[in-house]
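Overview (structure and organization)
Residues per chain are reported as follows:
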Amino acid sequence: MRLIRVLLIVALVLVFSLFVAQNTTTVNVNFLNYTLPMPLFFLVLVSAFFGFLIPALYMSIKISSKLRRINQIDRMLRYFYTGYFSKSADVAKSLARDWEPAGAVYVESQTLKGDLSLEVGDFNKDSGLLEGYVGSHLLRHKDLAQAKEYLKKALSKDEDNLTALKAYRDSCYMESNIKECVEYQEKVLQKCERWEKEKQKAILAELLCILSENVDDLKEKENLLNRAFDLQKTPMVYAYYIANLLDRDDVREARKQMDRAFKEGLQNQVLSILMDKEKALTKMVDFVEQRKDQIQPETLARIYMRLNMVGRLREIEPSLKGSIKVIAQMHASYTQEGKQCKDALLELYKPWKCKKCEKLYNSYKPYCEYCNEWMEVDLRREQDVDRH
């Protein structure tokens, strides 16, 4: 390798010497009223030197500016990931005037240090990235009106902004605008990455179920539920689909789908959701009795109380534990005071819990408004109920 370098240097010296030897002619260089004689080879060398020097100076200035920016970004991220949120917010604030992604770091830093005042007025907002992030941040802190303003601006600049699409969908759900919520969820499903497709399908399926409750036309309702059933068979989708079949007196198909739910291990969730649909639940009593050994005792107890099947409730009472046993005993009592106390306790029982934030619910919710997460509410076991 060293020999090759030596040979290259020798070759360059020889070429340069040859060039000088053949271009010793003197030429005159004129500039304004001045004439400067110089050898031709020197003129060529000076021209080449300045031809390289000027672009090199320009690029070095540009690179120096880029390096300063990179160093600022490095400092910002180091402060952020080592817990110095005030410092990361200060650096991010100076960067965000020209570089939009830094605005998101500023918002998150402010949030983590407990300061919800966001001074983003002079930040770069060309692509809508920052406005989408700020809108999502405001939504998490329940400032719905202002969040929607930011999200609309973000989507007007970039309709593919997935963060803004999801946040706007959530805001529609919070406002109980399910039709618009479905429209935005369809956009989310279309644009989301492959790793979250199944979850987004499940969200859309459950939103379609909720939308079907607001539809008067029976054919349209059936189409919505069929579409939901084809998308993703969650416990809620099973429950709504089965309830619709029972409303149409198609008991055979309803039993078939309930059997599928049992095979998938979803029976307790499906039956718990069906408790809000007493008419449909009544038609499934015989099926429930045939499969009661596969149903959790606390779920069976709530079904029997819902349908006022006191005799059946007393049969399973020995298998019950904790608060649900007390509630069942009060329901089975013949005193008015006992039944009133049962109703109050049942309201506090809250068998559903969000797996993310542990918020408790009386009935199933596809969306937890406390932690802004979808598909995290699930049925609790009795020991978890008593612990709370």
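Structure: see above.
Not measured: the values here are computed from a predicted model. The residue count restarts for each chain, going from 1 along the sequence in the order it is written. Selection of residues for local features in this predicted model requires a pLDDT of at least 70, selection of side-chain atom pairs for listing and counting requires 80 or more, and totals for whole chains, interfaces and linings are taken over all residues. In computing side-chain values, all of the structure's heavy atoms are included and hydrogens and water are not.

**A closer look at the environment of Glu213**
Runs of H or I in DSSP of at least four residues are treated as helices and runs of E of at least two as strands, each being numbered from the N terminus. Among the structural elements, Glu213 can be located in helix H9 (residues 197–213). Only protein chains enter the accessibility calculation, which uses a 1.4 Å probe; a residue is then buried when its area is under 20% of its type maximum, exposed when over 50%, and partly exposed in between. Judged by relative accessible area, which is 40%, Glu213 ranks as partly exposed. Along the backbone, Glu213 and Lys283 are 70 residues apart, and their C-alpha atoms lie at a distance of 20 Å. By definition in these notes, contact holds between two residues if any of their heavy atoms fall within 4.5 Å. Setting aside its immediate chain neighbours within four residues, Glu213 contacts Lys221, Tyr240 and Lys277.

**Let's talk about a nonpolar patch on the surface**
Patch members must show over 30% relative accessible area and no salt bridge, and they are joined within 9 Å when carrying like charges or within 5 Å when they are nonpolar side chains of Val, Leu, Ile, Met, Phe, Trp or Tyr. Accessibility throughout is a Shrake-Rupley quantity obtained with a 1.4 Å probe, and a residue counts as covered only by protein chains that appear here. Any carboxyl oxygen of Asp or Glu within 4 Å of a side-chain nitrogen of Lys or Arg constitutes a salt bridge here. Taken together, the side chains of Tyr58, Met59, Ile63, Leu67 and Ile70 define a hydrophobic patch exposed on the protein surface, amounting to about 500 Å² of accessible area. Residue Tyr58 is classed as exposed on the basis of its relative accessible area of 51%.

**Considerations on the packing of aromatic side chains**
What describes a pair of aromatic rings is the distance from one ring centre to the other and the angle between the planes of the rings. Centres within 6.5 Å make a pair out of two Phe, Tyr or Trp rings, where for Trp the six-membered ring is used; the pair is then stacked when the planes are under 30 degrees apart, edge-to-face when over 60, and tilted otherwise. Following the criterion strictly, the structure yields 11 aromatic pairs and no others. Taking the centre distance of 5.3 Å and the plane angle of 65 degrees together, the rings of Trp352 and Tyr364 count as edge-to-face. Of this pair, Trp352 sits in strand S3 (residues 352–354) while Tyr364 sits in the loop between strand S4 (360–361) and strand S5 (367–368); the two residues are 12 residues apart in sequence, bridging distant segments of the chain. Of the two residues examined, Trp352 and Tyr364, each falls in the buried class. When the centroid spacing of 4.7 Å and the interplanar angle of 45 degrees are considered together, the rings of Tyr367 and Trp374 count as tilted. Like Trp374, Tyr367 is buried. Following the ring pairs from residue to residue traces out a cluster consisting of Phe80, Tyr81 and Phe85.

**What to know about the nonpolar core**
In these notes, a set of buried Ala, Val, Leu, Ile, Met, Phe, Trp, Tyr and Cys residues joined through side-chain atoms within 4.5 Å is what counts as a nonpolar core. Judged by nonpolar contacts, the single largest core of 102 residues is most densely connected at Met76, Tyr173, Met258, Val270, Leu271 and Leu274. At 10 residues, helix H11 (residues 235–247) tops the list of elements feeding residues into this core. Excluding residues that lie within four positions of it along the chain, Met76 makes contacts with Ser88, Val91, Ala92, Leu95, Trp99, Ala102 and Val105.

**Quick notes on the packing of helix H10 (residues 218–231) against H11**
What describes two packed helices is the angle between their axes and the distance between those same axes. Only the stretch in contact is used when a helix axis is fitted, and all axes are lines through C-alpha atoms; the angle between N-to-C directions ranges over 0 to 180 degrees. It is at 10 Å that the axes of H10 and H11 come closest, and there the two elements cross at 145 degrees. Note that H10 runs across H11; the crossing there is left-handed. Between H10 and H11, the contacting residues are Lys221, Glu222, Leu225, Asn226, Ala228 and Phe229 on the first element and Val237, Tyr238, Tyr240, Tyr241 and Asn244 on the second. Residue polarity is assigned by list, with Asp, Glu, Lys and Arg as charged and Ala, Val, Leu, Ile, Met, Phe, Trp, Tyr, Cys and Pro as nonpolar; anything else, Gly included, falls into the polar class. Grouping the amino acids of the contact of H10 with H11 by side-chain chemistry returns 7 nonpolar, 2 polar and 2 charged. If you view the pair so one helix is near and one far, a crossing is left-handed when the near helix is turned anticlockwise from the far one by less than a right angle, and right-handed when it is turned clockwise.

**Digging into the sheet that holds S3**
Here the rule is simple: two strands pair whenever DSSP picks up at least two bridges between them. The antiparallel open sheet is built from 3 strands, whose spatial order is S4-S3-S7. Only two strands of the sheet have a single partner each, and these edge strands are S4 and strand S7 (377–379). Summarising the sheet, S3 and S7 pair through 3 bridges and their orientation is antiparallel. Looking across to S7, one finds that Lys353 is bridged to Asp378. In this fold helix H13 (residues 267–274) packs onto S3 and S7, with an angle of close to 100 degrees to the strand it touches most, S7.

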